[in-house]
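The lines below spell out each chain.
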4 protein chains.
Amino acid sequence: MTFYEELEPDKPGMLYEKMADHLARRIKRGDLPPDTRLPAERRLAQEYGVSLGTARHATELLRSKGLVITVPCKGTYVAGVGRSSEPSAARSTLLAFRP
Amino acid sequence: MTFYEELEPDKPGMLYEKMADHLARRIKRGDLPPDTRLPAERRLAQEYGVSLGTARHATELLRSKGLVITVPCKGTYVAGVGRSSEPSAARSTLLAFRP
Amino acid sequence: MTFYEELEPDKPGMLYEKMADHLARRIKRGDLPPDTRLPAERRLAQEYGVSLGTARHATELLRSKGLVITVPCKGTYVAGVGRSSEPSAARSTLLAFRP
Amino acid sequence: MTFYEELEPDKPGMLYEKMADHLARRIKRGDLPPDTRLPAERRLAQEYGVSLGTARHATELLRSKGLVITVPCKGTYVAGVGRSSEPSAARSTLLAFRP
DNA sequence: GTGGTCTAGACCACA
DNA sequence: GTGGTCTAGACCACG
């Protein structure tokens, strides 16, 4: 539980939100550079000392903010710096998903 | 690993798909002309720094898109350009395969 | 290995195909009714005494023949009988997968 | 070279024919039962102390006599006892070969 | 020395 | 605990 205390779990506010904020800070600080794969959600849950559901909720939040991109069955990646509407890999991947 | 970095393996997306896209670009660019034999799948796997299974998945994708024709036990060839009734080397070999 | 002997693994022919044929027979015979979920691929691999890759190849074949529908991270289901616009459980789940 | 002397290589007649005859005898004697996979052609060549080409010629002969069935990329099998025009596995395998 | 088949594992997001 | 991706090997017929 390396990051648990940094979440200040006794303070008001949703745990998953504080976790997402913490991750966002690590990303913006450059601690997690672009195109890095985040630890797996199970791993993240362990690192933060929270449940898997909470961890998934946190990454979901980061995804909705465009800070990370998650690829099914591959992993969750820190979003690249450039333009975000890149239609290349992700798009064609999805097509391959439905034959 | 000559092409490894061009695959950007840390970015999101399927490895086999990025590899297929890269090969497709080389074909369309004329870098790999029609009726050329691609490097062997084992060789391709080495060049791209991926496993054999991933390389096979990539050529399978190109085959399904009609960009290459593969002759069992012979090799994989860049598909002819326009007309499909061209009895190129690859094609006639293919016919000889089913007695 | 309940079905291992029915695959006749010593006879000529591809293992994954014999496995797919066996499953297809079970489906057509009504042994596996429409909208039933197949055993998981790992389970299937154990039942048939083959590797996971071979089992996946077999279900892939059934999918390409339209005999089954597979929903990522959910399971593989026996396809509905006649009309294709039936919003069975599997189908609606599938639609929910692409937001 | 276990079988080399049994081929009587100094006598007249083609080596591959004598090798095929020898194998045919082993099959009919029940030494190689139906649906057994023969040793690989390279292995066969070693066992008989002949070149790979000769061994391939021998199995080719057996194939033309219907004594064995060979499946590309799988192996060569002693033909089954029952009806020989079984259209099942072999046929569908070939279809899967040309998508 | 090519493509095709098969094994025996691993890790991942998703439910 | 599901299907999807990926690895690192093996053996085969065929050219």
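Residues numbered from 1 in each chain as written. Chains lettered and ligands numbered in written order. Predicted model: local features only at pLDDT ≥ 70, side-chain atom pairs only at ≥ 80, totals over all residues. Heavy atoms only, no water.

Novice: In this structure, what is going on with the state of the cysteines? I would like to understand it.
Specialist: What is meant by a disulfide is a covalent connection between two cysteines, made through their sulfur atoms. Taken as a whole and assessed by the stated rule, the structure comprises zero disulfides over all chains. The structure places no disulfide on Cys73 of chain D, whose sulfur is separated from the nearest cysteine sulfur, that of Cys73 of chain B, by 4.8 Å. (Disulfide = S-S within 2.5 Å.)

Novice: Help me understand the pairing of strand β2 (residues 75-78) of chain D, please; the structure alone is not making it clear to me.
Specialist: Every regular strand shows the same layout, with side chains that alternate between the two sheet faces. All names here are of chain D. Covered by surrounding structure in β2 are Gly75 and Tyr77 together with Thr76 and Val78, the residues of both alternating faces. Sheet topology note: the strand β1 (residues 68-71)/β2 ladder contains four bridges and is antiparallel. Considered in β2, the bridge of Ile69 is made with Tyr77. Where β1 folds back onto β2 in an antiparallel hairpin, the turn is made up of three residues, including Cys73, whose phi is positive at roughly 70°. (Buried < 20%, exposed > 50% of the residue type's maximum accessible area, 1.4 Å probe, protein only. Helix = DSSP H or I, 4+ residues; strand = E, 2+ residues; numbered from the N terminus. Pairing = 2+ DSSP bridges.)

Novice: I would appreciate a short explanation of helix α1 (residues 15-28) of chain B in the present structure.
Specialist: Note on helix geometry: an α-helix contains 3.6 residues per turn, so any two residues three or four positions apart are oriented the same way. All names here are of chain B. For α1, spanning 14 residues, the distance from its first C-alpha to its last is 20 Å, which sits close to the expected 20 Å at 1.5 Å a residue. For α1, a buried count of ten out of 14 residues is recorded, marking the element as mostly surrounded by other parts of the structure. Buried within α1 we find Tyr16, Glu17, Lys18, Met19, Ala20, His22, Leu23, Ala24, Arg26 and Ile27. Just downstream of α1 lies Gly30, where phi reads positive at about 90°. (Expected span 1.5 Å × (residues − 1).)

Novice: For this particular structure, what's the right way to read the packing of aromatic side chains?
Specialist: Two descriptors summarise a pair of aromatic rings, namely the distance from one centre to the other and the angle between the planes of the rings. All names here are of chain A. One pass over the full model with this rule turns up four aromatic pairs over all chains. For the pair Phe3 and Tyr48, a centre-to-centre distance of 5.0 Å together with 25° between the ring planes defines the contact as stacked. Of this pair, Phe3 sits in the segment before α1 (15-28) while Tyr48 sits in helix α2 (residues 41-48); the two residues are 45 residues apart in sequence, bridging distant segments of the chain. For the pair shown, Phe3 and Tyr48 are each scored as buried. (Phe/Tyr/Trp six-rings, centres within 6.5 Å; stacked < 30°, edge-to-face > 60°.)

Novice: Help me out: how do you make sense of the pattern of salt bridges in this one?
Specialist: Between side chains of opposite charge, a pair can form when the charged atoms approach closely. Evaluation of the coordinates by the stated rule reveals 17 salt bridges over all chains. Of the charged contacts, one joins Asp31 of chain A and Arg29 of chain A as a salt bridge, the two residues approaching to 3.6 Å between their closest N and O atoms. Among the ionic pairs, Lys11 of chain D bridges to Glu8 of chain D, the shortest N-O distance being 3.1 Å. Assessed through its relative accessible area of 41%, Glu8 of chain D is described here as partly exposed. The network of salt bridges with shared partners includes Arg26, Arg29 and Asp31 of chain A. (Salt bridge = Lys/Arg side-chain N within 4 Å of Asp/Glu carboxyl O.)

Novice: So what exactly am I meant to see when it comes to the environment of Leu52 of chain A here?
Specialist: Residue and element names in this part refer to chain A. Its place among the elements puts Leu52 in helix α3 (residues 52-64). In this structure Leu52 comes out as partly exposed when scored by relative accessible area, which is 35%. Each C-alpha atom, one on Leu52 and one on Glu41, is 6.8 Å from the other, the two residues being eleven residues apart in sequence. Once residues within four sequence positions are removed from consideration, Leu52 is found in contact with Glu41, Arg42 and Ala45. (Contact = heavy atoms within 4.5 Å.)

Novice: When you look at the protein's contact with DNA strand E in this model, what are you seeing that I'm missing?
Specialist: Neighbouring residues of DNA strand E: 38 residues in total, closest Arg56 of chain B, Leu15, Tyr16 and Thr54 of chain C together with Arg42 of chain D. Taking the atoms of DNA strand E that fall within 4 Å of the protein, sugar and phosphate contribute 70% of them. The contact in question runs from a base nitrogen of DNA strand E to an N or O atom on the side chain of Arg42 of chain B, over 3.0 Å. Side-chain polar atom of Thr54 of chain C to a phosphate oxygen of DNA strand E: 2.5 Å apart, as the coordinates give it. Top contributing element to the surface near DNA strand E by residue count: α3 of chain A, with three residues. When the residues that make up the surface near DNA strand E are grouped by side-chain class, the tally is 15 nonpolar, eight polar and 15 charged. (Near = heavy atom within 4 Å. Polar contact = N/O pair within 3.5 Å; in protein donor to acceptor, adjacent residues only side chain to side chain. Nonpolar A, V, L, I, M, F, W, Y, C, P; charged D, E, K, R; others polar.)

Everything listed here is a matter of geometry and, on its own, says nothing about what the molecule does.
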